[in-house]
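Next come the chains, spelled out residue by residue.
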Amino acid sequence: MDVKQVGVIGAGQMGNGIAHVMALSGFHVVLNDISQQSLDNALSLIEKNLVRQASRGKISDDEVTAAMGRISTTLSLADVGKTDLVIEAATERETVKQAIFEDLLPHLQPHTILTSNTSSISITRLASRTDRPERFMGFHFMNPVPVMQLVELIRGIATDEDTFKTCQAVVEKLGKTSASAEDFPAFIVNRILMPMINEAVYTLYEGVGSVRSIDESMKLGANHPMGPLELADFIGLDTCLAIMNVLHDGLADTKYRPCPLLTKYVEAGWLGRKTQRGFYDYRGDEPIPTR
Ligand SMILES: NC(=O)c1ccc[n+]([C@@H]2O[C@H](COP(=O)([O-])OP(=O)(O)OC[C@H]3O[C@@H](n4cnc5c(N)ncnc54)[C@H](O)[C@@H]3O)[C@@H](O)[C@H]2O)c1
């Protein structure tokens, strides 16, 4: 199937990045959110990021204008139903995602492929609630989308080969690389990454190290480009906690229990960069550790 129009549901951190790379690669994008404010913020952020790419000589000014011209925004799921491929990138909560797919179904064209950018929720379970489990799969971008090369493509138990091949071709058109993953909790990257981040929070919780010493240790001692706590703030602490809960519940192994300190930060609403406070406080000129 030749995908021309892509619907992106959720215009947060991931949704705006997905709309950005899709539009830049020539796809027409219908970007949806429940909040007009999120849509407005997403459009201005996409433009800012495209202009930055142009100022570095990576793309031309004409490409910026063309990409912005290929994005439309809407508060109505009916507009998303007209597209060939839907990428759901709303809040990481299963009830939210299920409700979105349920509301979307009556508006879909028969050929439309449904995908979710979920970091951890079962693709098979989400697919089973729709009328097209064979045309449903996981389309998992990494953050920040315009920078990161990998897209995990996750087959649900019913996903058919045409759907997989179509999504693989879309990833190729984006100039990115796909890795095929089976549908088990948190797939590949987060199955490995999140327990490491959770362990870093335990290391902080137990007083083994401070925020700074933990991040410095992993940057200089393990050659990681970012420390695990800095990375957790970047991903969003609510997202990290949700993924640990999915690993804990889905694999029923106590080694995945979320650190109580991670839960505490989320309860405080200190979710990382997006709320200006997490393991670091971003409200000043320089990030300052909060512990
Ligand atoms: N943050 C990451 O590093 C990362 C990486 C890969 C995948 N993901 C996944 O991407 C998805 C989105 O994460 P995010 O970090 O962009 O979250 P976010 O909180 O930045 O954005 C979520 C957006 O969804 C919108 N939304 C909520 N309910 C909606 C609904 N019913 N209809 C339409 N929009 C709705 C919210 O208004 C918000 O704008 C999640 O499934 C997450 O697991 C996140």
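This text goes with the structure placed above it.
In what follows, the accompanying structure is described. (Residues numbered from 1 in each chain as written. Predicted model: local features only at pLDDT ≥ 70, side-chain atom pairs only at ≥ 80, totals over all residues. Heavy atoms only, no water.)

Thoughts on the site of the ligand
- Near the ligand you find 25 residues, and of these Met14, Asp33, Glu92, Lys97 and Ser119 are the closest.
- In the model, an oxygen atom of the ligand is placed 2.5 Å from a nitrogen or oxygen of the Glu92 side chain.
- Within the side chain of Asn117, one N or O atom sits 2.9 Å away from an oxygen atom of the ligand.
- With the chains in place, 86% of the 840 Å² that the ligand exposes on its own is no longer accessible.
- Sorting the residues of the shell around the ligand by element identifies helix H1 (13–24), helix H5 (94–104) and strand E6 (136–141) as the ones contributing at least two each.
- The element best represented in the shell around the ligand is H5, accounting for three residues.
- Here the residues of the shell around the ligand are counted per class, giving ten nonpolar, eleven polar and four charged. (Near = heavy atom within 4 Å. Polar contact = N/O pair within 3.5 Å; in protein donor to acceptor, adjacent residues only side chain to side chain. Areas by Shrake-Rupley, 256 points an atom, 1.4 Å probe, with all protein chains shown as cover. Helix = DSSP H or I, 4+ residues; strand = E, 2+ residues; numbered from the N terminus. Nonpolar A, V, L, I, M, F, W, Y, C, P; charged D, E, K, R; others polar.)

Notes on the side chain of Glu88
- Locating Glu88 in the fold gives a position in strand E4 (residues 85–88).
- Separated by 2.8 Å, the side chain of Glu88 and the backbone nitrogen of Ala90 make a polar contact.
- Those residues in contact with Glu88 that sit more than four places away from it in its chain are Ile9, Lys97, Ile100, Phe101, Thr115, Ser116 and Asn117. (Contact = heavy atoms within 4.5 Å.)

A few points about H1
- An ideal rise of 1.5 Å per residue puts 16 Å on twelve residues; H1 measures up with 17 Å between its terminal C-alpha atoms.
- Burial of H1 is extensive: ten of the twelve residues sit out of reach of the surface.
- Listed as buried for H1 are Met14, Gly15, Asn16, Gly17, Ile18, Ala19, His20, Val21, Met22 and Ala23.
- Gly26, located one to two residues past H1, shows a positive phi value of around 100°. (Expected span 1.5 Å × (residues − 1). Buried < 20%, exposed > 50% of the residue type's maximum accessible area, 1.4 Å probe, protein only.)

Structural notes on helix H2 (residues 36–55)
- End to end, H2 covers 29 Å across 20 residues, agreeing with the expected 28 Å (1.5 Å per residue, within 8%).
- Every buried residue belonging to H2 is among Leu39, Ala42, Ile46, Asn49, Leu50, Gln53 and Ala54, and all of these are buried. For H2, the arc enclosing every buried residue in end-on projection is 140°, short of the 170-degree limit, so these residues lie on one face. Residues of H2 that are exposed and angled more than 90 degrees away from the buried face: Gln37, Lys48 and Ser55.
- Considering only its buried residues, H2 is in contact with H1, strand E2 (28–32), helix H3 (61–69) and strand E3 (71–74). (Arc of directions from axis to C-beta.)

Some words on the sheet that holds E6
- Here we have eight strands laid out as an open sheet, ordered E3-E2-E1-E4-E5-E6-E7-E8, and mixed in their pairing. Strands with a single pairing partner mark the edges of an open sheet, and in this sheet they are E3 and strand E8 (177–182). Taken over all neighbouring pairs, the strand axes of this sheet differ in orientation by 25° on average, direction set aside.
- Across five bridges, the pairing between strand E1 (residues 5–9) and E2 is parallel. Bridging across to E2, Val6 finds its partner in Val29. (Pairing = 2+ DSSP bridges. Axes fitted to C-alpha atoms, helices over the stretch in contact; angles between N-to-C directions.)

Focus: the pairing of E6
- For E6, the buried fraction is high: six of the six residues fall into the buried class.
- Side-chain alternation along E6 places Phe136, Gly138 and His140 on one buried face and Met137, Phe139 and Phe141 on a second face that is also buried.
- As judged from the three bridges shared by strand E5 (residues 113–116) and E6, these two strands associate in the parallel manner. Bridged to Thr115 within E6 is Met137.
- At this point the chain moves from E5, through helix H6 (residues 123–128), to the parallel E6, and the crossover so formed is right-handed.
- Both E6 and strand E7 (residues 150–155) contribute to a ladder of five bridges, which runs antiparallel. Along E7, the bridge assignment pairs Met137 with Arg155. (Right-handed = clockwise from strand over helix to strand, strands pointing away.)

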